[in-house]
Each structure stands twice: as C-alpha cells, then as structure tokens.
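The chain contents come next:
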Amino acid sequence: MAYEDVLNFIEQQLAQLQSPGEAEAAVQSGVAIARYAAGMTSVDQLDGELSALGYKGIKKTRLMLAAQLKRAFDLFNDRLAIKRKELADGKITRGAFVTWLEDSGIDAEGIA
C-alpha cells in the first residue's frame, strides 16, 4: 500500500468516528425531542439521549428547554381540541369554555 493510500484510509476511518454534521445532529436531537414531547420518554431519558448524541452545556440545556416547551404546547393543544369538540357537541357551555381558557392562562377572546 502506498503512503497516500494509507493516509486516505486513515482519513476515511477518522471521518467515521467524528460527530455527525449539523443537519444530522438536528435530525437526531429532533427525534429525541419529539419522543419526549409525545410522552414516550421521561425528562431523565431525554437528558440521557441528548448526552448520548454528544450534546452538553448550554446547547443541551437549550434543547431540554425546547423539548419541555414543545411538550407543554402539544398537551395544551390536545386539551384545547377536546374542549372545542365538547363545546361544538353541546357538552359544555361557551361560558365554561371561556372559563377553562382563562384558567389555563389564555386570553379567551383571542382564541375562542
């Protein structure tokens, strides 16, 4: 094997050991966040998955926060859909719906 062939081989092997590129890393962290947001994993499991993907420090903290915000947002939207259906089906009154929105911290006029 020629010297250049050996160097090329070593470079190829090192490239396989390097951390994923930004696009691949975004997909991987996105999957971990989506799993958490869907309730498939706990916050501790999310932390472990992000660590296993190589995230640490402030970047990991930001991803954890984003995941928690996404989960809370998704849960609220699910509940909102249920309440809207209950309102449409006559199971709750508009007043009860508005009260639920206000109790949830939402400007009822902006969403009803």
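Every residue gets a number counted from 1 within its own chain, in the order that chain's sequence is written. Reporting of local features is limited, given that this is a predicted model, to residues whose pLDDT is at least 70; pairs of side-chain atoms are given and counted only at 80 or more, and all residues count toward the totals for whole chains, interfaces and linings. The basis for every side-chain value is the complete set of heavy atoms in the structure, and neither hydrogens nor water enter the calculation.

Before we go on, may I ask you to explain the nonpolar core in this structure?
A general trend in soluble globular proteins is that nonpolar side chains are found buried together. To define a nonpolar core, start from buried Ala, Val, Leu, Ile, Met, Phe, Trp, Tyr and Cys residues and group those joined through side-chain atoms within 4.5 Å. Note on exposure labels: buried denotes an accessible area under 20% of the residue type's maximum, exposed denotes more than 50%, and partly exposed covers the range between, all computed with a 1.4 Å probe on protein chains only. Grouped together as the largest cluster of nonpolar side chains are 9 residues: Ala32, Ile33, Tyr36, Leu46, Leu50, Tyr55, Leu63, Met64 and Ala67. Of all the secondary-structure elements, those providing two or more residues to this core are α2 (22–37), α3 (43–52) and α4 (57–88). We call two residues in contact when some of their heavy atoms are within 4.5 Å. Apart from the residues within four sequence positions on either side, Met64 is in contact with Val43, Leu46, Asp47 and Leu50. Only DSSP runs of H or I covering at least 4 residues are called helices, and only runs of E covering at least 2 are called strands; the numbering of each starts at the N terminus.

Is there a simple way to explain the pattern of salt bridges in this structure?
Two side chains of opposite charge can pair, provided their charged atoms sit close to one another. Any Lys or Arg side-chain nitrogen found within 4 Å of a carboxyl oxygen on Asp or Glu counts as a salt bridge. Counted according to the given criterion, the structure contains 5 salt bridges. In this structure, the salt-bridge partner of Asp74 is Lys70, at a minimum N-O distance of 3.0 Å. In this pair, Asp74 and Lys70 both sit in helix α4, 4 residues apart, roughly one turn of the helix. Look at Asp74 and you get partly exposed, because its relative accessible area is 22%. You can call Lys70 partly exposed: its relative accessible area is 36%.

Quick question: what am I supposed to make of the confidence of the model for the protein here?
The predicted coordinates ought not to be read in detail in places where the model reports low pLDDT. The pLDDT value expresses, per residue, how confident the predictor is, ranging between 0 and 100. Model confidence for the protein is summarised by a mean pLDDT of 83, while 72% of its residues fall at 70 or above. By mean pLDDT, the top-scoring element of the protein is α3 (94), and the lowest-scoring one is helix α1 (residues 3–17) (60).

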